[in-house]
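Commentary on secondary and tertiary structure
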Amino acid sequence: MSGKGIEEAKATGKKTDSFRGLITVSPEDETMTIKTVSTIPFTDQKPGTSGLRKKVSIFKQPNYLENFIQSIFNCLGELNGKTLVFGGDGRYHNKEALQVILKMAAANGLSKALVGQGGILSTPATSCIIRKYHLQGGIILSASHNPGGPEGDFGVKFNVENGGPAPEKITTAFYERSLSIENYKIVEAPDIDLDTLGLSRLGDMDVEIIDPVSDYVELMEILFDFNKLERLFSSGEFSMVYDGMHAVTGPYAKAILIDRLGAPEGTVIHGKPLPDFGGLHPDPNLKYARELVEIMDSEVAPDFGAASDGDGDRNMILGKRFFVTPSDSLAILASKADEIPGYSAGLKGVARSMPTSRAVDKVARHLGIDCYETPTGWKFFGNLLDAGRATLCGEESFGTGSDHIREKDGLWAVLFWLSILAEERSSVEEIVRNHWRKFGRHFYSRHDYEAVDTQKAHELIDHLRQQLPDLRGRHFGNLCVRNADDFEYSDPVDGSVSHHQGIRIFFEDDARIVYRLSGTGTQGATLRVYLEKFEADPEKQGQETQEALAELIKTANEIARIRFFTGRDNPSVIT
Ligand code: G1P
Ligand code: ZN
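These notes cover the structure that comes with them. Just so it is clear, the structure is predicted and the values come from calculations on it, not from any experiment.

This paragraph deals with the overall build of the protein. When its secondary structure is counted, the protein shows 19 helices and 27 strands. Radius of gyration (C-alpha) of the protein: 23 Å, near the 25 Å computed for a compact globule of 575 residues. Over its C-alpha atoms, taken along the principal directions, the protein stretches across nearly 80 × 55 × 40 Å. Looking at the protein as a whole, 60% of its 575 residues are labelled buried. For the protein, contacts bridging at least 24 residues in sequence account for 73% of all contacts bridging at least 6. Total accessible area on the protein stands at roughly 21,900 Å², and carbon and sulfur atoms take up 47% of it. Of the charged side chains in the protein, 64 are positive and 83 negative; the average position of the first set lies 3 Å away from that of the second.

Encoded structure:
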């Protein structure tokens, strides 16, 4: 496909002119009863970093889901003539919630609902479908990488017509509506059969159950050279393991890696989506993807290991006994994008969230392209991608993506890495070490203190904020503070300003500590401490990460008085 063809395909997700006709079923004589149910507001329906995320038990309270969904529909205005897509990551309560939402959509006058078969749709596939079929948006039921099951978490995300997460002004509007809601509408009708592909009707709304995988696979085939990847697998010189974590990506990974690229059965582990993720915590990191990590650490490790999270937007990349930090991964993808058909025309720019290491900045400088620094959360990349200012973007939290959709994309990152491995025929470790030699190494780690007392966590941040004016020039061991601030982002496209996006402390020699509170947790507060230190000298790049960062870790505790405020001696998770 020509460069122009690829750009068009990225914009529309279409390889050919084939287009899922938005077929409508002619109205039947069914009479539909729309019920208007009185309700009173819940005061806690403020979406966080990524949608409204709460414990299942909270979502199961009478009217809780209904109130939030009605608030969304109220904000969307006229739904007649519109098509939305619905799906989720298959977690506990997914199907039940979907039935309620579809009945409410019908009652609110939506013309058509596309629904992933079995209620399944990964976050990236939803974004792809919204863009490909020019839909007005979609609802994804997911709490991403948070545990599932009756005791676990549930969530609702709304994506807008560019395929990306609703921006802050829209989620704020949902929240404000939720505070004054008085009733919601729902049709009285039997449940929809979510498992059978095809068209049906719910009241006056058309419902089309769609294959959740095929549109996404088609888009991947545009971006990557599948023939080359097939040859990699058939060469007999390469093996990999992909961990679906019993979450949404199993069916996608099987369709692409095994059915399409010919990888052997057994390449995908934990491939069946389960409501409780098989008791696993579907967060692809060194702690929670334990089985994969053990395989990759073993003597008989395959060449490449990867995993994705609950809803399929995160990725973890491993080599034989080697972990690639997401920040390095982003930088490496940027430096090798010209090897990939979908990006051979060059990158327009790159973007990273502020806490993400500055490894990609070095690549951007080398390529002579812009590098944007945004607040945490994928929604901040949307404008840059839409405006054609950035092609690749990423976050330290195992999220990487490009302008092919408006979400981060786990399997896309895996295919990108596979393409690099197919091109270079060297190991993951060699590729990373060569990168460090050329651009320098950014030692990087994130320390999370989970479920700490919310008030204390805020006091810790306030205490840091108060110190900001006095930190410059202060010494902590060998470290000297060069600058410190509270990150503020001014969107270069729409001019909107986001305040208080994290406390940054910069030291001489390009070291940095960042502190912020999570916006996705559901229990107390989570303090995140991001540590980064640059090392240009290849002789010193071999150190173990936590050792290399030891002084910075000590300093981070000292400045923020972490033990005092949280009562914790150590972080709960280190990535
Ligand atoms: C976390 C990550 C952030 C990511 C978000 C959604 O948010 O840190 O990078 O975009 O999950 O996957 P946080 O809990 O830090 O607000
Ligand atoms: Zn996710």
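With that settled, consider the site of ligand 1. Close to ligand 1 lie 15 residues, the nearest being Ser397, Ser518, Gly519, Thr520 and Arg528. Within the side chain of Lys408, one N or O atom sits 2.8 Å away from an oxygen atom of ligand 1. Within the side chain of Ser518, an N or O atom sits 2.6 Å from an oxygen atom of ligand 1. Compared with its free state, where it exposes 370 Å², ligand 1 has 98% of that area covered by protein. Counted by class, the shell around ligand 1 contains no nonpolar, eight polar and seven charged residues.

Bringing the environment of Glu221 into the picture now. Within the element layout of this structure, Glu221 appears in helix 7 (residues 214-223). Spatially, the C-alpha atom of Glu221 lies 9.9 Å from that of Leu415, the residues being 194 residues apart in sequence. Side chain to side chain, Glu221 and Arg260 meet in a polar contact 2.8 Å long.

Here we come to the coordination of the zinc ion (ligand 2). For the zinc ion (ligand 2), the protein coordination sphere consists of Ser144 (OG), Asp309 (OD), Asp311 (OD) and Asp313 (OD), at 2.0 to 2.1 Å. Geometry at the zinc ion (ligand 2) is irregular, judged from the four donor atoms that bind it and their angles of 87 to 160° at the metal. Donor residues for the zinc ion (ligand 2), ordered by position in the chain, follow S-x164-D-x1-D-x1-D. Note that Ser144 is positioned in the loop between strand 5 (137-141) and strand 6 (153-159) and Asp309 in the loop between strand 12 (304-308) and strand 13 (315-319), a separation of 165 residues in sequence.

Here we come to the packing of helix 8 (residues 226-234) against helix 14 (residues 410-424). Running from amino to carboxyl end, helix 8 crosses helix 14 at an angle of 70°, the nearest separation of the two axes being 9 Å. The angle between the axes of helix 8 and helix 14 places the two elements in the roughly perpendicular class. Handedness of the crossing formed by helix 8 with helix 14: left-handed. Touching Lys228, Leu229, Leu232 and Phe233 of helix 8 are Leu415, Leu418, Ser419, Ala422 and Glu423, all from helix 14. Grouping the constituent residues of the contact of helix 8 with helix 14 by class yields six nonpolar, one polar and two charged.

Let us look at the sheet that holds strand 6. Sheet strands associate in pairs through backbone hydrogen bonding, adopting either a parallel or an antiparallel arrangement. Across the sheet, which stays open at both edges, the seven strands sit in the order 2-6-5-3-4-9-8 with mixed pairing between neighbours. With partners counted over all chains shown, the strands left at the sheet margins are strand 2 (52-55) and strand 8 (198-202), one partner each. The sheet shows a mean angle of 20° between the axes of neighbouring strands, taken without regard to direction. Judged from the four bridges that link them, strand 2 and strand 6 form a sheet pairing that is antiparallel. Opposite Lys54, over in strand 6, you have Phe154 as the bridge partner. Across the sheet, helix 4 (residues 94-107) is in contact with strand 3 (83-88), strand 4 (112-120), strand 5, strand 6, strand 8 and strand 9 (205-210); its angle to strand 4 comes to roughly 170°.

Strand direction decides the pairing type here: strand 8 and strand 9, joined by five bridges, are antiparallel. Residue pairing across strands places Leu199 opposite Glu208, the latter belonging to strand 9. Here strand 8 folds back onto strand 9, and the loop between the two strands holds two residues, one of which, Gly203, carries a positive phi near 60°.

Here the focus is the pairing of strand 10 (residues 240-243). Along a regular strand, successive side chains alternate from one face of the sheet to the other. Burial of the side chains of strand 10 extends over both faces: Met240 and Tyr242 are buried on one face and Val241 and Asp243 on the other. Where strand 10 meets strand 12, four bridges bridge the pair, whose relative direction is parallel. Each bridged residue has a counterpart across the sheet, and for Tyr242 the counterpart in strand 12 is Ala306. Chirality of the crossover, the property in question, places the unit of strand 10, helix 9 (residues 250-260) and strand 11 (residues 268-269) among those that are right-handed.

Right, let's talk about helix 9 for a bit. In an α-helix, one full turn covers 3.6 residues, which means residues spaced three or four apart are oriented alike. Among the residues making up helix 9, those that are buried are Gly250, Tyr252, Ala253, Ala255, Ile256, Leu257 and Ile258. Structurally, helix 9 contributes buried residues whose contacts are with helix 5 (123-132), helix 7, helix 8, strand 10, strand 11 and helix 14. In the segment just after helix 9, Gly262 is the residue with positive phi, at about 80°.

Okay, the packing of aromatic side chains next. Scanning the model with the defined rule gives 16 aromatic pairs in all. The ring of Phe534 carries the charged tip of Lys362 above its face, separated from the ring centre by 3.8 Å. We note Arg441 situated over the ring of Trp436; from NZ or CZ to the ring centre the distance is 3.9 Å.

Each value, and the rule that gives it
Residues numbered from 1 in each chain as written. Chains lettered and ligands numbered in written order. Predicted model: local features only at pLDDT ≥ 70, side-chain atom pairs only at ≥ 80, totals over all residues. Heavy atoms only, no water. Helix = DSSP H or I, 4+ residues; strand = E, 2+ residues; numbered from the N terminus. Rg over C-alpha atoms; globule rule 2.2 N^0.38 Å. Buried < 20%, exposed > 50% of the residue type's maximum accessible area, 1.4 Å probe, protein only. Contact = heavy atoms within 4.5 Å. Areas by Shrake-Rupley, 256 points an atom, 1.4 Å probe, with all protein chains shown as cover. Lys, Arg positive; Asp, Glu negative; His and termini not counted. Charge placed at Lys NZ, Arg CZ, Asp CG, Glu CD. Near = heavy atom within 4 Å. Polar contact = N/O pair within 3.5 Å; in protein donor to acceptor, adjacent residues only side chain to side chain. Nonpolar A, V, L, I, M, F, W, Y, C, P; charged D, E, K, R; others polar. Donors = N, O, S within 2.8 Å, 3.2 Å for Na, K, Ca; no water. Tetrahedral: all angles 85-135°; square planar, octahedral: opposite > 155°, others 65-115°. Axes fitted to C-alpha atoms, helices over the stretch in contact; angles between N-to-C directions. Parallel < 35°, antiparallel > 145°, perpendicular 65-115°, else oblique. Left-handed = near helix turned anticlockwise from the far one by under 90°. Pairing = 2+ DSSP bridges. Right-handed = clockwise from strand over helix to strand, strands pointing away. Phe/Tyr/Trp six-rings, centres within 6.5 Å; stacked < 30°, edge-to-face > 60°. Lys NZ or Arg CZ within 6 Å of the ring centre and 35° of its normal.

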